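# Coordinate inspection notes
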Amino acid sequence: MTVLKYYLSASKEGSHRGLVRAPAKRLPWDDRGRGFESHSLRQSSMPLVWGHCFSRGESMPKYHIWTIGCQMNKAESERLGSYFEQLGYQPIANADDADLIVVNSCVVRQSAENRVVNKLNALRPLKRLRPNLTLAVTGCLVNADLAQLKERFPQVDYFFKPGDCPQWLEKPEWEQILPRRPVPSTYVSIIQGCDNFCSYCIVPYRRGRNRSRRVKEIIGEVKELVNRGAKEVTLLGQNVDSYGHDLPDQPDLADLLRELNAVDGLLRLRFLTSHPRDMSPKLIEAVASLDKVCEHISLPVQSGSNEILTAMRRGYTVEQYRQLITEIRDKIPRVALSTDVIVGFPSETEQQFQQTFDLLSELRFDTVHVAVYSPRPGTLSAREFEDNIPAEEKRRRLNKIERLQEGIAAEINARLLGKTVEVLVEGEKKGKWYGRTRSGKLVFFTNYSNCLGQLMNIRIEKTSPWSLQGKVRRGE
Ligand code: SAM
Ligand code: SF4
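In this convention, every chain numbers its residues from 1, walking through the sequence in written order. Lettering for chains starts from A, numbering for ligands starts from 1, and both go in the order in which the items are written. Per-residue local features of the predicted model are confined to residues with pLDDT of at least 70, and side-chain atom pairs are confined, for both listing and counting, to 80 or more; whole-chain, interface and lining totals are unaffected and use all residues. Processing note: side-chain calculations cover all non-hydrogen atoms of the structure and skip hydrogens and water entirely.

The next thing to look at is the site of ligand 2. Taken together, Cys194, Asn196, Phe197, Cys198, Tyr200, Cys201, Val203, Pro204, Gln238, His275 and Arg314 make up all the residues around ligand 2. Throughout, the ten residues Ala, Val, Leu, Ile, Met, Phe, Trp, Tyr, Cys and Pro are labelled nonpolar, Asp, Glu, Lys and Arg are labelled charged, and all others, Gly among them, are labelled polar. In terms of residue class, the shell around ligand 2 is built from seven nonpolar, three polar and one charged. Residues are classed as near a molecule or strand on a simple rule: at least one heavy atom within 4 Å of it.

Written out as structure tokens, the structure reads:
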């Protein structure tokens, strides 16, 4: 889990002077026909109105977004930030001085939910002190039961569903909002929701069913992002390789990649996260043949035991998964693969855990994201199975896999020692530039001129399981 804070500059001007405020009123929750209950606004917090122009010297309202969770949350926070800036807000680092705070939440595991709840509790005194502060929550904490959410978090003025326009700031062009200053490597959500209903997962209940965006709309967005400086685009979806199945003419992810590969000025394309069942030969072929599509695939396996995979309702067997990895490696020889696993699923025996461990040892992924099973309210596994693996045993299994993976990643990365890799530079930190290879490896290097957004050839001089360090190679 990562926690990200969005801001550009910190300013102490925080007053609301000059702002047009709407009269406090009751507004319906924007349910878009998905059965959400109506929601009344708190009288204490009067929303800022879209359309006000700020004159010189007038203090601008400040926003602060706190984000936790997956890349989709990160992408949605970027988009919200751009939206607020178009409305005249300025980003601010310190939540205490903000006029508007948005908490972009994740509840995929209990540990993430705890952090969200702690954050909201920590904001309670601030809201009491400054009742005019607008506090909103989005992300997967937001469920259909708004009355219960309001009771649990009375300090929150608004709850809005992930990916939606905040309902108190209606603006017709919400769908066209893009990051104002896209970083060289930027995200584009292409499909919302998930139809899979894996037994442990809360995502389909909170993000709804598959909703793919139109190919034309995505191409338009990517072209605009490139015009604004983006060099690499990562296409996002909870189940990205099911893209298009719900659209009338049923384009698929391979078709979309082919179209985007032709966008002038775009250097690299990625996509995540893929479901093994939807990873088609056509998609593998597209990754192998399209020059801008990076050789990097994220393909969560979740378990190495067929019994557990069935209980998880993943829809494939270990044998099918192994075969898929073989096909991918045959077609895309230099591919980097990452996976996710859950340990301590209800009734997972030592032997079933060992099967996961053995599969990871055999397939040798570049990256493994390992999580301990966390029962999520409303999911099938939470309803049907007892969470009967003790916490310390889950932790032991997690540590064992982490130690295994550390060794594998160290060996895979060590093979790059002395080699020259192409890095797209994403930023500078503590005097070092950093960026990623096509295979997604993080590389640090020194360069005395600004190389943000450039492709650099870096000779690798030091490796670790997590990152690489090197020197610029000139004239290549
Ligand atoms: N769609 C992807 C897939 O097919 O696996 C992943 C999306 S899921 C939101 C991200 C990761 O969170 C999963 O791969 C899984 O490992 C983890 N996860 C989801 N629900 C979980 C739960 N109840 N307990 C522990 N980990 C969970
Ligand atoms: Fe959750 Fe991924 Fe399964 Fe969808 S495919 S239910 S997002 S784990």
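Formed by 70 residues in total, the largest nonpolar core has its most connected members in Ile190, Leu235, Leu253, Phe271, Ile297 and Ile328. The contact rule is simple, with two residues in contact once any of their heavy atoms fall within 4.5 Å. Look past the residues within four positions of Ile297 in its chain and what remains in contact with it is Phe271, Met279, Val287, Ile328, Ile332, Val335, Ala336, Leu337 and Ser338. In plain words, nonpolar cores are sets of buried Ala, Val, Leu, Ile, Met, Phe, Trp, Tyr and Cys residues tied together by side-chain atoms within 4.5 Å. The classification of residues rests on relative accessible area computed with a 1.4 Å probe and restricted to protein chains. Under 20% of the type maximum is buried, over 50% is exposed, and intermediate values are partly exposed. Residues Trp66, Leu141, Val142 and Val156 belong to the second largest nonpolar core, which totals 27 residues.

Here the focus is the pattern of salt bridges. A pair is scored as a salt bridge if a Lys or Arg side-chain nitrogen falls within 4 Å of a carboxyl oxygen belonging to Asp or Glu. For the coordinates displayed, the defined rule picks out 24 salt bridges. The closest approach of N and O atoms between Arg152 and Glu113, which form a salt bridge, is 3.2 Å. Residue Arg152 is located in helix H3 (residues 146-152), and its partner Glu113 is located in helix H2 (residues 110-129); the two are separated by 39 residues in the primary sequence. On the accessibility criterion, Arg152 (35% relative accessible area) is partly exposed. Between Arg268 and Glu232 there is a salt bridge, with the nearest N and O atoms lying 3.2 Å from each other. Segments assigned H or I by DSSP are reported as helices when at least four residues long, segments assigned E as strands when at least two residues long, and all are numbered from the N terminus.

Near ligand 1, the surroundings consist of 17 residues, among which Tyr200, Gln238, Gln302, Asp340 and Ser374 are the closest. We define a polar contact as two N or O atoms separated by no more than 3.5 Å, with the added condition that, inside protein, one atom must be a possible hydrogen donor and the other a possible acceptor, whereas residues neighbouring each other in sequence contribute only through side-chain atom pairs. Taking Tyr200, its main chain carries an N or O atom lying 3.0 Å from a nitrogen atom of ligand 1. Backbone polar atom of Gln238 to a nitrogen atom of ligand 1: 2.5 Å apart, as the coordinates give it. For ligand 1, whose free accessible area comes to 560 Å², the fraction covered by protein is 90%. Listed by contribution, the elements that provide at least two residues to the shell around ligand 1 are strand E13 (336-343) and strand E14 (367-372). Accessible surface is estimated by sampling points in the Shrake-Rupley manner with a 1.4 Å probe; for residues, cover comes only from the protein chains shown.

Moving on: helix H9 (residues 318-331). Here the expected length of a helix is defined as 1.5 Å per residue gap, with one fewer gap than residues. In a regular helix each residue adds 1.5 Å, so 14 residues correspond to 20 Å; H9 covers 20 Å between its end C-alpha atoms and thus fits that length. Residues of H9 that are buried: Val318, Tyr321, Leu324, Ile325 and Ile328. The buried residues of H9 all sit within an arc of 120 degrees when viewed along its axis, so they share a single face. As for H9, its buried residues are in contact with helix H7 (281-289), strand E12 (296-298), helix H8 (306-312), E13 and helix H10 (350-363). The arc in question is traced by the directions running from the helix axis to the C-beta atoms.

Note on geometry: axes are C-alpha line fits, over the in-contact stretch for helices, and angles between N-to-C directions span 0 to 180 degrees. At a minimum axis distance of 9 Å, the contact between H7 and H9 shows a crossing angle of 30 degrees. It follows from the interaxial angle that H7 and H9 lie roughly parallel. Every pair of crossing elements has a handedness; the one defined by H7 and H9 is right-handed. Contacts between H7 and H9 involve Ile284, Glu285 and Ala288 on the former and, on the latter, Leu324, Glu327, Ile328 and Lys331. Comment on the angle field: the value is read as roughly parallel under 35 degrees, roughly antiparallel over 145, roughly perpendicular from 65 to 115, and oblique elsewhere. Handedness of each helix crossing follows the sense of rotation of the near helix against the far helix: counterclockwise by less than a right angle gives left-handed, clockwise gives right-handed.

Turning our attention to the sheet that holds strand E19 (residues 468-472). DSSP calls a pair of strands paired once it identifies at least 2 bridges connecting them. Around the barrel, which closes on itself, the five strands sit in the order E15-E16-E17-E19-E18 with mixed pairing between neighbours. For this sheet, the mean inter-axis angle between neighbouring strands, taken without regard to orientation, is 55 degrees. Here four bridges tie strand E16 (residues 432-436) to strand E17 (residues 442-445), and the two strands are oriented antiparallel to one another. Following the sheet pairing, Gly435 is matched in E17 by Val443.

Attention shifts here to the packing of H9 against H10. In the contact formed by H9 and H10, the axes pass within 12 Å of each other and the chain directions differ by 15 degrees. Classified by the angle their axes make, H9 and H10 are roughly parallel. As for the relative orientation of H9 and H10, their crossing is right-handed in sense. Contacts between H9 and H10 involve Val318, Tyr321, Arg322, Ile325 and Arg329 on the former and, on the latter, Leu359, Glu362 and Leu363. In the contact of H9 with H10, the residues fall into five nonpolar, no polar and three charged.

A word on the environment of Pro333. Within the secondary structure layout, Pro333 lies in the loop between H9 and E13. Separated by 45 residues in the primary sequence, Pro333 and Ala288 have C-alpha atoms spaced 8.7 Å apart.

Residues spaced three or four apart along an α-helix face the same direction, because each turn holds 3.6 residues. Taking 1.5 Å as the rise per residue, H10 with 14 residues should run 20 Å; its terminal C-alpha atoms sit 20 Å apart, in good agreement. Within H10 the residues assigned to the buried category are Gln352, Phe353, Thr356, Phe357, Leu359, Leu360 and Leu363. All buried residues of H10 project into a common sector of 160 degrees when viewed along the axis, lining one side. Elements that come into contact with the buried residues of H10 comprise H8, H9, E13, E14 and helix H12 (391-414). Following H10 by one or two positions, Arg364 has its phi on the positive side, about 50 degrees.

The next point concerns the confidence of the model for the chain. The quantity known as pLDDT measures the predictor's confidence residue by residue, on a range of 0 to 100. In the predicted model, the chain carries a mean pLDDT of 87, and the fraction of residues at 70 or more is 86%. This stretch, residues 1-57, has a pLDDT under 50; its non-local contacts, to residues over four places away or in other chains, come to 150 contacts.

What follows covers the pairing of E14. A regular strand places its side chains so that they alternate between the two faces of the sheet. Both E13 and E14 contribute to a ladder of six bridges, which runs parallel. Along E14, the bridge assignment pairs Val343 with Val372. You can see the chain leave E13, run along H10 and come back into E14, and the turn it takes is right-handed. Note on handedness: a crossover is taken as right-handed if, strands pointing away from the viewer, the path from the first strand over the helix to the second is clockwise.

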